[in-house]
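Spelled out, the chains give:
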Amino acid sequence: MNIGEIASRAGVSRSTVSYALSGKRPVSDDTRRKIQQVIDELGYRPNASARALANGRTSTIGLVFPPAGNHYTGMQLDFIGSVVEAAAAHDHDVLLSPSGADSDRSFQRLLGERRVDGAILMEIRLEDDRVDHLTALDFPWVAIGRTGRPEDGWWVGLDHTALAAACVHHLADLGHRKVAFVNRPEQLLRAGYESAHRGLDGFTKAAAERGLTVRTYCCGDDAASGQACVEQILHDDPATTALVTLNEAALGGLYRALAQAGRHVPRDFSVTGVVAGRWAETVTPQLTAADVPAAEMGRRAVELLMERLDHQGAAPRHHLLAPPISLRASTGPAGATATA
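Described below are features of the structure shown in this document. Since this is a predicted model, take the numbers as computed values, not measurements.

## Looking at the sheet that holds strand β11 (residues 318–321)
Okay, so step 1: Overall, parallel pairing links the 6 strands, which are arranged β2-β1-β3-β4-β5-β11 in an open sheet. At either end of the open sheet lies a strand with only one pairing partner, and these are β2 (93–97) and β11. The mean angle between the axes of side-by-side strands here comes to 15 degrees, regardless of whether they run parallel or antiparallel.
Okay, so step 2: Across 4 bridges, the pairing between strand β1 (residues 60–64) and strand β3 (residues 118–121) is parallel. Within β3, the position partnered with Gly62 by the bridge is Ala119.
Okay, so step 3: Docked against the sheet, helix α6 (residues 105–112) engages β1 and β2, running at close to 145 degrees with respect to β2.
Okay, so step 4: Across the face of the sheet, helix α14 (residues 294–310) comes into contact with β1, β3, β4 (141–144), β5 (155–158) and β11 while running at roughly 165 degrees to β4.

Okay, structure coming up:
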């Protein structure tokens, strides 16, 4: 079934059917109803490629999202789901590209073949060549995260600096004096991942402000790495009584190592961090954390991209989010080991 058959049955021209479908030119209400009735009777669905040629839009957005390691973490999957759900609300599909650099073939296909109308970029680095490439091409993009020069971009970001600092102040207020920081994997820190760098910056500055003794660690995105990291923390300084983490994928291992070391949470050791609420509630005791609002960030990113597509030339807009710490059950006053 095609536009010609619809036009014949509705008694109108092919161009009238095309205008009614695309909205490019006005069509009378009576004619539009007549065409819609034929479409409903025939169960017509316009071919996506033909529709893209007709109106210059594919109704598809790209999600450029490299997995941090060999797989997507739980929080990363939450972000993917939030973008897909938000795009569906705007009658758009999502094409996932696991590209971490503008030289990746997947990224080049996405742009060169114009498979998508715009792109949402994730796992942003302070110096991100994907952002530079898309900006040079004047290709519509929105980032979930911020580069080192965020003022001229379209993005939705989480204030990792402020959130890590808030975790430090929370622990200091509870009397903890020796605190560890469990960051993302070392290769991500070296690559300039903005969340890892800004979280580390917020942690170290707040710790200095409160006069705390601290150690910082990189940790793989898995439970086994989390367990090994806590073992190293307690080996380096057994008097450590708390940690702050940005690594939700390692959370189960962090807890397991503390239990095996005989450190009861929160009586003997406090744990807090920046983690999606759904994952903070999967551990026992539930994690006191600044909850990452993945659903809100995905929705806002899609809304910004739709705005950018519909209003070309609009001034860049962005949202910086800093959710409060949700007090659950994993932090408490520093015990006797804090003064040992």
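## A word on the environment of Ser82
Okay, so step 1: For Ser82, the position within the fold is in helix α5 (residues 74–89).
Okay, so step 2: Residues Ser82 and Met297, 215 residues apart in the sequence, show an inter-C-alpha distance of 7.9 Å.
Okay, so step 3: When residues no more than four places from it in sequence are discounted, the contact partners of Ser82 are Ala294, Ala295 and Gly298.
Okay, so step 4: Of the polar contacts made by the side chain of Ser82, one reaches the backbone oxygen of Ala294; its length is 3.2 Å.

## Quick notes on the packing of α6 against helix α7 (residues 129–137)
Okay, so step 1: Interaxial distance between α6 and α7 falls to 13 Å at its minimum, and their mutual angle equals 15 degrees. As summarised for this structure, α6 and α7 are arranged roughly parallel, according to the angle between their axes. With respect to the hand of their crossing, α6 and α7 are arranged in right-handed fashion. Within the contact between the two elements, α6 uses Phe107, Gln108 and Leu111 and α7 uses Arg130, His133, Leu134 and Leu137.
Okay, so step 2: Classifying every residue of the contact of α6 with α7 by side-chain character gives 4 nonpolar, 2 polar and 1 charged.

## Details of helix α1 (residues 3–10)
Okay, so step 1: Buried within α1 we find Gly4, Ile6, Ala7 and Ala10. Seen along its axis, α1 keeps its buried residues to an arc of 160 degrees; they face one direction. For α1, exposure combined with an orientation more than 90 degrees from the buried face picks out Ser8 and Arg9.
Okay, so step 2: Positive phi appears at Gly11, one or two residues downstream of α1, with a value of about 70 degrees.

## Examining the pairing of strand β10 (residues 288–291)
Okay, so step 1: Of the strand pairs in this sheet, strand β9 (residues 270–275) and β10 are connected by 4 bridges, and their pairing is parallel. Across the sheet, residue Val275 finds its bridge partner in β10, namely Asp291.
Okay, so step 2: Judged from the 2 bridges that link them, β10 and strand β12 (residues 325–326) form a sheet pairing that is antiparallel. Bridge pairing in β12 places Ala289 opposite Ser326.

## Structural notes on the side chain of Thr272
Okay, so step 1: Its place among the elements puts Thr272 in strand β9.
Okay, so step 2: Exposure remark for Thr272: the relative accessible area of 0% places this residue in the buried category.
Okay, so step 3: One polar contact links the side chain of Thr272 to the main-chain carbonyl oxygen of Thr288, over a distance of 2.6 Å.
Okay, so step 4: Ignoring any residue separated from it by four or fewer positions in sequence, one finds Thr272 in contact with Cys167, Leu171, Leu243, Val244, Thr245, Leu287, Thr288, Ala289 and Thr331.

Cut-offs used in this document
Residues numbered from 1 in each chain as written. Predicted model: local features only at pLDDT ≥ 70, side-chain atom pairs only at ≥ 80, totals over all residues. Heavy atoms only, no water. Pairing = 2+ DSSP bridges. Helix = DSSP H or I, 4+ residues; strand = E, 2+ residues; numbered from the N terminus. Axes fitted to C-alpha atoms, helices over the stretch in contact; angles between N-to-C directions. Contact = heavy atoms within 4.5 Å. Polar contact = N/O pair within 3.5 Å; in protein donor to acceptor, adjacent residues only side chain to side chain. Parallel < 35°, antiparallel > 145°, perpendicular 65-115°, else oblique. Left-handed = near helix turned anticlockwise from the far one by under 90°. Nonpolar A, V, L, I, M, F, W, Y, C, P; charged D, E, K, R; others polar. Buried < 20%, exposed > 50% of the residue type's maximum accessible area, 1.4 Å probe, protein only. Arc of directions from axis to C-beta.

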